[in-house]
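# Notes for the structure review
The lines below spell out each chain.
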Amino acid sequence: MAALQCVRSLSKVRYNVLHKFSAAVMVVENKSVRRYSTSHQLVGKSSNSRQHLSYLYELYHRRIEVGPEKERHPSEYGCWNHDAEIYAFGQRFGEDFNDMVLKEAFVQRCFVEQEIEKQKDLGLDMEIDMTDNEILAEKGYSLASRFIKAYLRYSFPQLFEEGISAIHDFLLSDEMLFHIGCNIGLKELIQSATYPPEHPTYVTTLKAVIGALIESQNEKKAEDFVLDLIIPQLVGIDVSELWNIENPMGLLCALLKEQNLGEPEARLLWSSASNTIMPLHHVGIYSDKKLLGKSPGETISIAEDMAAREAIKKLLNMTDNRSPLELGDKAKNLELDFNKTNRSVSELNCS
Amino acid sequence: MLNVNMGSNVIPSTFLRNVMKNGIGRHVCQLQRVTLSLCKWSPGSAPAREFVEQDMVDFTRQNPGIVFYLKPRRHRSPVLKAEYLNGYTEEIDLTKLSREEINHWLGLLKGRSGQQIVRLRKDFHTDTPSIQGVWNPFLFKDTELSIKDVRDPSLSEYISPFKSATEKLLELKKKSGAS
Amino acid sequence: MAHNRVIQWGAMARTWWLYDAKFQCPYRSAEKLCMYLEGRHKPLYHPLSDVGDHVVVINTRYVAMAEDLWRKQQYKHDTRYAGGKSSATAWRLHEADYTKILYKAVYSAAPKNLLRPTIMRRLHLYPEEDVPDDIIGNVSDVIRQIQVVPKPLDSYSAQEIEEFPKLFDWPEDHVIYKRKATTEKKEES
């Protein structure tokens, strides 16, 4: 990498010395840059502002070429106390972590491998007593997954298992966990091969933190942690949009048959601008002459599809005016049944 | 730190938001670490030194979740650097500030979320602005519109708030006829 | 269960309205029509959001002008060239183009800004009852008229006329002067 140095000489006339490392780089990449014939050129600090300007341009373009300053870990700047940070991390959430276990939760596999490599390079044969966070991550993930499913089944008792899975997958998706991990302060604590750490590292570390909490305290504390950090991400999100039903009309038929109601009948309620490229049709689904659900749509088939979904929402008690999720202190003492599963769509069709 | 796509000649502004829905579950103090860099001898850092002697330990005891770093630097003015969980950093120059003012600043930094201070376009935010549902052109319309022919006179004729003379006469006739 | 897209489509959709201009005042009608063309009848109206609807007007030929405006109202036109000024009375203009009077009325009532041309494009005027099928197929709702359409005596059936409560009749010996027909005169002469 080319480095720029400004040398202040002791003589009265000040010179700016440009060091040029590889001419090839300049020629290939930046054709607009002015090339200097010699590798060292003493450019007099002239009073001519035009020359000074072109000198500044040269500096600027070279710096751009080199790229931005590499992001460094705070420990390289001098102000970093890993133990204190680990302790503060736990205290921030009001949790009493076992510091040893929590430290383990931040160690990545790539970091351990890197350390082993370093030892080999140095020629030492010491065994490294560092465990990575994979096991803790698995523990944490399994607990979070189990708890979230149980919580969702408690909150949405009539929703099908496929819907529960869809919401669960959304909450524990990589993007969501990365987003949470970023805003919790994992970045500096993570010990990985690269800094800043990669996206999957945050995901693993967050799961490992939950695992560390299980080991330090108990499962109940870890479940409260999940309840306070991961589940509130559902607030403000339309839960119905997370699960995509493949055949809403078929599902609606099955649901109505089960409840011994009449077959669903779709009727066109209103329609406007039918012959234009932006039509609007309102379709309502009736059963025994009673309106189950209605919806607008771009075409009649789309409107029918959406109306069937609306009807299913009503039947499953997933409408917008349902009671809100139990969160915060109220939800700390819920009696969740971990063994219960909601019924699946396939069960409905068979019956 | 601000995620905005604005023109370069625009004063940045943002909407109110609560990243990570802080407070709905447990409230997490967003201040991650504080670095106080001060000079051990210069008179400009005297209030900062007082703060270190008297208030710093109390602050750290009350806030175990905030890491407090002391950075003695010769011949430099005292600076308080706050780092937040979302990566935002803020530095406050403590020259010419008293010990009490340093305490106030620290209290302010602790209470803030890591969002950059920008003009708020709205003082409120909601993901569900509509409670009864969004209006649509057919919200209060009868379905007879789709059944009746659009040229049906009953749909377009003028409905007067007053009774016409003809109607009054016919009514009178009906009444007298009935009686 | 993905519903919000269609809800937005339904809220922002442009609907088509029908208006019967028979026996209606063009200027007062135009005020009402402009409400629908601009979108002021919608709760989500904003002058900068283009939320106006389409309006199809039928029977513009039978529009009713007040007092003696048919004879006296002048419609002026200037081509901005030398000798380009001209004016036409309302009835002349109406004879030339049955939709022009209502068109000009709506044009005057519309907001005098850059949205006006778009508004005028969404106004569809037809002199009689016949409208092309694809246009009338778009129409979903009807704007109510603003004036009572007078019912001519011919449209009442004989039974209705008889049954109507009679308030007054001429006395038997009252003479109503009848003008002689011209053919009788010729015959006499």
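Below you will find a few notes about this structure. (Residues numbered from 1 in each chain as written. Chains lettered and ligands numbered in written order. Predicted model: local features only at pLDDT ≥ 70, side-chain atom pairs only at ≥ 80, totals over all residues. Heavy atoms only, no water.)

### Here we look at the interface of chain B and chain A
- Across the boundary between the two partners, chain B contributes 28 residues, which contact 34 residues of chain A.
- Carbon and sulfur atoms supply 61% of the area that chain B and chain A bury against each other, a total of about 2,800 Å² over both sides.
- Area buried by chain B at its contact with chain A is led by Met20(B), Arg26(B) and Phe138(B), which between them contribute 28% of it.
- Put simply, chain B and chain A have twelve residue pairs in polar contact (both at pLDDT 80 or more) between them. (Contact = heavy atoms within 4.5 Å. Buried area = accessible area lost by both parts, 1.4 Å probe. Polar contact = N/O pair within 3.5 Å; in protein donor to acceptor, adjacent residues only side chain to side chain.)

### A short note on the layout of surface pockets
- Volume-wise, the largest pocket comes out at about 1,600 Å³.
- Along its surface, the largest pocket is lined by 44 residues, and Asp320(A), Asn321(A), Ser130(B), Ile131(B) and Gly133(B) are the ones closest to its centre.
- Those elements that place two or more of their residues in the lining of the largest pocket are strand S5 (290–297) and helix H13 (300–315) of chain A together with helix H1 (4–12) of chain C.
- Among the elements that take part in the lining of the largest pocket, H1(C) stands out by supplying six residues, more than any other.
- In the lining of the largest pocket, the residues fall into 20 nonpolar, 16 polar and eight charged. (1 Å grid on protein atoms, 1.4 Å probe; cavity = no way out; pocket = protein on both sides within 12 Å on 5 of 7 lines; lining within 4 Å. Points joined across faces, edges and corners; volume = space filled by probe spheres on them. Helix = DSSP H or I, 4+ residues; strand = E, 2+ residues; numbered from the N terminus. Nonpolar A, V, L, I, M, F, W, Y, C, P; charged D, E, K, R; others polar.)

### Here we look at a nonpolar patch on the surface
- Judged by side-chain polarity, Leu167(C), Phe168(C), Trp170(C) and Ile176(C) come together as a nonpolar surface patch covering roughly 520 Å² of accessible area.
- Residue position: Leu167(C) is located in the loop between helix H8 (158–163) and helix H9 (182–188). (Patch = residues over 30% accessible without salt bridge, like charges linked within 9 Å, V, L, I, M, F, W, Y side chains within 5 Å. Areas by Shrake-Rupley, 256 points an atom, 1.4 Å probe, with all protein chains shown as cover. Salt bridge = Lys/Arg side-chain N within 4 Å of Asp/Glu carboxyl O.)

### Looking at a negative patch on the surface
- Together, Glu104(A), Asp125(A), Glu127(A) and Asp129(A) line one region of the surface with negative charge.
- Given the relative accessible area of 33%, Glu104(A) is considered partly exposed. (Lys, Arg positive; Asp, Glu negative; His and termini not counted. Charge placed at Lys NZ, Arg CZ, Asp CG, Glu CD. Buried < 20%, exposed > 50% of the residue type's maximum accessible area, 1.4 Å probe, protein only.)

### A closer look at the pairing of strand S4 (residues 280–287) of chain A
Residue and element names in this part refer to chain A.
- Burial analysis of S4 places seven of its eight residues in the buried class, which makes it a mostly covered element.
- Strand direction decides the pairing type here: strand S3 (residues 265–272) and S4, joined by seven bridges, are antiparallel. Directly across from Arg267, in S4, lies its bridge partner Gly284.
- Bridge count between S4 and S5: seven bridges; the pairing is antiparallel. (Pairing = 2+ DSSP bridges.)

### Regarding empty space enclosed by the protein
- Using the criterion set out here, one finds one cavity of 30 Å³ or more in the structure.
- Computed from the structure, the largest cavity encloses a volume of approximately 90 Å³.
- In this structure, the largest cavity is lined by 13 residues; those nearest its centre are Leu229(A), Met20(B), Asn22(B), Val28(B) and Gln30(B).
- Of the residues assigned to the lining of the largest cavity, the class counts are six nonpolar, four polar and three charged.

### Quick look at the side chain of Thr205(A)
- Tracing the backbone through its elements, the reader meets Thr205(A) in helix H10 (residues 199–216).
- Classification of Thr205(A) as buried rests on a relative accessible area of 0%.

### Observations concerning the sheet that holds S3(A)
Residues and elements named next belong to chain A.
- With antiparallel pairing, the three strands of this open sheet are ordered in space as S3-S4-S5. What marks the edges here is a single partner per strand, and that holds for S3 and S5. Geometrically, the sheet is characterised by an average inter-axis angle of 20° between neighbouring strands, direction not taken into account.
- Running over the sheet, H13 touches S3, S4 and S5 and is turned about 135° from S5. (Axes fitted to C-alpha atoms, helices over the stretch in contact; angles between N-to-C directions.)

### Observations regarding the pattern of salt bridges
- All chains considered together, the criterion is met by 38 salt bridges over all chains.
- One salt bridge in this structure joins Arg5(C) and Glu298(A), with 3.1 Å as the shortest N-O distance. With Arg5(C) in helix H1 and Glu298(A) in the loop between S5 and H13, this residue pair bridges two chains.
- Judged by its relative accessible area of 15%, Glu298(A) is buried.

### Things to note about the interface of chain B and chain C
- At the interface, 19 residues of chain B touch 29 residues of chain C.
- Both sides of the chain B and chain C interface together cover about 2,100 Å² of buried area, and 67% of this is carbon and sulfur.
- Linking chain B to chain C there are two salt bridges.
- One salt bridge in this structure joins Asp141(C) and Lys141(B), with 2.9 Å as the shortest N-O distance.
- Scanning the region where chain B abuts chain C turns up seven residue pairs in polar contact (both at pLDDT 80 or more).
- Put simply, the parts of the chain that give the side of chain B that touches chain C at least two residues each are helix H5 (153–156) and helix H6 (165–178) of chain B.

### Considering the packing of aromatic side chains
Residue and element names in this part refer to chain A.
- Throughout the structure, instances matching the rule amount to 14 aromatic pairs over all chains.
- A ring pair is formed by Phe93 and Phe225, whose centres lie 5.3 Å apart and whose planes are at 80°; its orientation type is edge-to-face. Of this pair, Phe93 sits in the loop between helix H4 (82–92) and helix H5 (99–106) while Phe225 sits in helix H11 (residues 219–229), placing them 132 residues apart in sequence. No difference in accessibility class separates Phe93 from Phe225, as the two residues are buried.
- One aromatic cluster is present, built from ring pairs that chain together Phe89, Phe93, Phe97, Phe106 and Phe225.
- Over the aromatic face of Tyr141 sits the side chain of Lys207, whose NZ or CZ is 4.5 Å from the ring centroid. (Phe/Tyr/Trp six-rings, centres within 6.5 Å; stacked < 30°, edge-to-face > 60°. Lys NZ or Arg CZ within 6 Å of the ring centre and 35° of its normal.)

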